[in-house]
Structures are given as C-alpha cells and as structure tokens.
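Chain and residue survey
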Amino acid sequence: MCSGPHAASMDGAGPRAAAFLPRGLPMVMDRRSLLKFSLASAAAGTFGLPGIARAAGTPVVVSEALRLGMYATLYVAADKGLFAKHGLEADVSTAGGIALPTPMVLSGRAQFGVTSPGMSVNAVREGGKIKNIAKIVGGVSMWAMARPDSPIKSIEDLKGKTIATLKFPSSTIQVPTYAMKAVGKFDPKEAGVTFLELPPGAQAAAVKDGRADIATAFEWDISIGAEQFGLKPVLSFGDIIGPLCFTSAMASEDFIAKNPATVQGFCNALAEAQKLMHQDNAVFTQVAEKYFPKVAPSVIANATKNFFGSRTAIPQNPTISQEEWERDMQLELGGGSIKEALPYAQMVDNSFALKAAKDFGVAG
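Thresholds, definitions, all that
Residues numbered from 1 in each chain as written. Predicted model: local features only at pLDDT ≥ 70, side-chain atom pairs only at ≥ 80, totals over all residues. Heavy atoms only, no water. Core = buried A, V, L, I, M, F, W, Y, C linked by side-chain atoms within 4.5 Å. Buried < 20%, exposed > 50% of the residue type's maximum accessible area, 1.4 Å probe, protein only. Domains from an automatic or database assignment. Pairing = 2+ DSSP bridges. Helix = DSSP H or I, 4+ residues; strand = E, 2+ residues; numbered from the N terminus. Axes fitted to C-alpha atoms, helices over the stretch in contact; angles between N-to-C directions. Parallel < 35°, antiparallel > 145°, perpendicular 65-115°, else oblique. Contact = heavy atoms within 4.5 Å. Nonpolar A, V, L, I, M, F, W, Y, C, P; charged D, E, K, R; others polar.

Attention now moves to the nonpolar core. One finds Y71, I133, W220, F266 and F307 to be the most contacted residues of the largest nonpolar core, which totals 89 residues. Each of domain 1 (58-140 + 244-360) and domain 2 (142-241) accounts for three or more of the residues forming this core.

Given below as structure tokens:
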C-alpha cells in the first residue's frame, strides 16, 4: 500500500478504481484465473476451517481489499477488543486490491472478505459460492472539493465544468458520471463536462490554480485539500446517490453453514463498533490515528467531520437492505465492474447482521 501523507491515495484511487475496468481486473492474474485457483484450492481440501466456531478466541483472517479510512468499522472492532469480546481472534489483513479478498475467502485462506459487493457477484458467476453478510460502508464515501468562492452546490451545477480526477479507470470519474446520469438526468459529455485526469495527489492543486472547477476524491485526500490548499467539500456523492452497500463483508456459503457462531460473533463486533463510533465520533479519530500514522492528525480530525457529516459513509448498523443492494448493483453495472446484477436473495444473508444490530448495535 501507499505510504507518506497520501497513504490515503489508496482512498483517492478508490476501492472501486479497479472495479470499473470493463475488461477484466488489473491484477497479475485475471478474475477468472483467480477464481479457478480458489475453487481448485477448495477441491483440494483447503476450503474452510471445519469446527472454527466451536471455541472462544477462534482465530479468523479478515481479508480487506485495501487499508482505507472508510473501513473504520474493522479497525474499531479490532482496536477496542470487540472481536475478542465476541469470541474471535481476528487478523485484519490487507489483500492489496479489490479483486483479492474473494479468492482468499473461497480458498479458505481467509474466513471473511471485505471489498466491493460486485466482486462477490463476479465470483458467483464464475461458480463460487459466497454470500454478503454485513455492510462496512453504507454509501459512496466520495466528495467534490472546490475553492471557497465556488458557486457549485448541486449536481446540476456541474454542467460545463472541469472536474479533476484520477486517471481512468477510477471511481473518481465513474461515480460523478453515474450521479450526473442517474440523479442529474443529463449526459456529462453532452452537458460539456470535462474530466481532467491527473496522477494521485494532483487534483487539489488543479482546483487551486484554476485548471479545474472541482476535484472528486475520497478521504483523506479531501481533508488534505482543505488543509494544504484551502479548498472545501461542496458535494457529498454519498448523500446525492443515497444509501447503498458500497463495501460489504462476505464469507463462503460452506463456512457460514459450518460456523454460524463465528459468523454471528463477527457481525456482533461490527454492529458494536458502528454503534460506538456514532455515539462518540472521537473513537473514529483515535483509532484512525493508530491505523494511519503517516496521515496528519489534523487531517484525520477534519475527515472525521466529513465521514460523520455524511448520512451514509459509516453505517449505523451492518444490515444490508434489498434497496441498498439493488442501488449498488445499478452503480456497478453503470461503471462496468459487473456484467450482470444478481438478486438480493441469492447474494445476501442478512440474518446475522439483523440479529447483531438488534442485540449489540442500532436496529434500523
């Protein structure tokens, strides 16, 4: 992963940057090869860990796509001892790309994967058996930042404007494109919108010097733009697009069937972590400073305001509704990360998250 003040550039590149590739995935192995490897491993007997749910302190590997601020639910659950409280000895391990957690789960090298739900859809279409069991990110945690005197206040105001983004393929292009088409009801190209594609870290400077009207980015890049370039967030795409399951936790059907207590403990810890952060936003700040030591504390403090100022970024609870699933499928179809949407009933097991929200979190 990246290091330095833009360790967050993984945020800037976006957990969906690879997801929006219309032809395969930007990995050493393509998606089909990765899944064939996973299924072959399963057939060889490495699939799942039988009996893992039977004891307290059960060791589990949680394979996250990238180390991202918006995955804070995982870090709070680990740092505050919530995984341990619910009977798990959890190793949160960064896979290094959005396509990698699903083969880790299908091969049994990880018990839980955290990534884009579209990766589970692609896995199932290739013959894998995997379910989404909890929501980690509840909306598109992306903002548009502009100069303080900017008149931009709505999606409609983007007509005729220049938007600084990362280079295609990137969700910093795909998300605003989707928002303009689905919410604004206009085609960006026809409306004279120009995307200025730049290397990581260059978006804020382009707005500051007038080459672009706004820049689209994730945290921590939004708060770096505010601190170093005097910009301000003017649009929250999470609030514009509405709640959806932007990032989910998933497990293989085999593991879920054999280890329901472990799955429940995992969801319990997530629900309690999300409740804790919403009760006291400082919990997010404190834990983020530990997990992102190269990001300035002032940037994390400002990002905390943005994360919890959004109605969707950090979920109130880990449940996945059918509406949230279907909205994510629309987004991923529009961006090209999936070729076909699969139904909620096939792809989601919401029972563990519902119980966790009722017993340990905030029921919604």
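Moving on from the model shown.
The strand order across the open sheet formed by five strands is 7-6-8-5-9, and the pairing between neighbours is mixed. Across the chains shown, the open sheet's two edge strands, defined by having one partner strand only, are strand 7 (194-198) and strand 9 (232-236). Going from strand to strand, the sheet's axes swing by 35° on average, the running direction of each strand aside.

Here the focus is the packing of helix 6 (residues 117-125) against helix 15 (residues 322-335). Orientation of helix 6 relative to helix 15, taken along the N-to-C sense of each, is 80°, at an axis distance of 10 Å. When the axes of helix 6 and helix 15 are compared, the pair comes out roughly perpendicular. Here P117, G118, S120 and V121 of helix 6 come into contact with helix 15, specifically with W325, D328, M329 and E332. Considered class by class, the residues forming the contact of helix 6 with helix 15 number four nonpolar, two polar and two charged.

On to the sheet that holds strand 1 (residues 58-64), then. With respect to topology, five strands assemble into an open sheet ordered 2-1-3-10-4, the strand pairing being mixed. The sheet is open, and its two borders are formed by strand 2 (88-94) and strand 4 (130-137), each paired with just one other strand. Pairs of neighbouring strands in the sheet enclose a mean axial angle of 25°, with direction left out of account. Each of strand 3 (112-115), strand 4 and strand 10 (247-252) is contacted by helix 6, which is oriented at about 170° to strand 4, the strand it contacts most. Strands in contact with helix 12 (residues 260-279) are strand 1, strand 2, strand 3, strand 4 and strand 10; relative to strand 4, the strand with the most contacts, it is inclined by about 15°.

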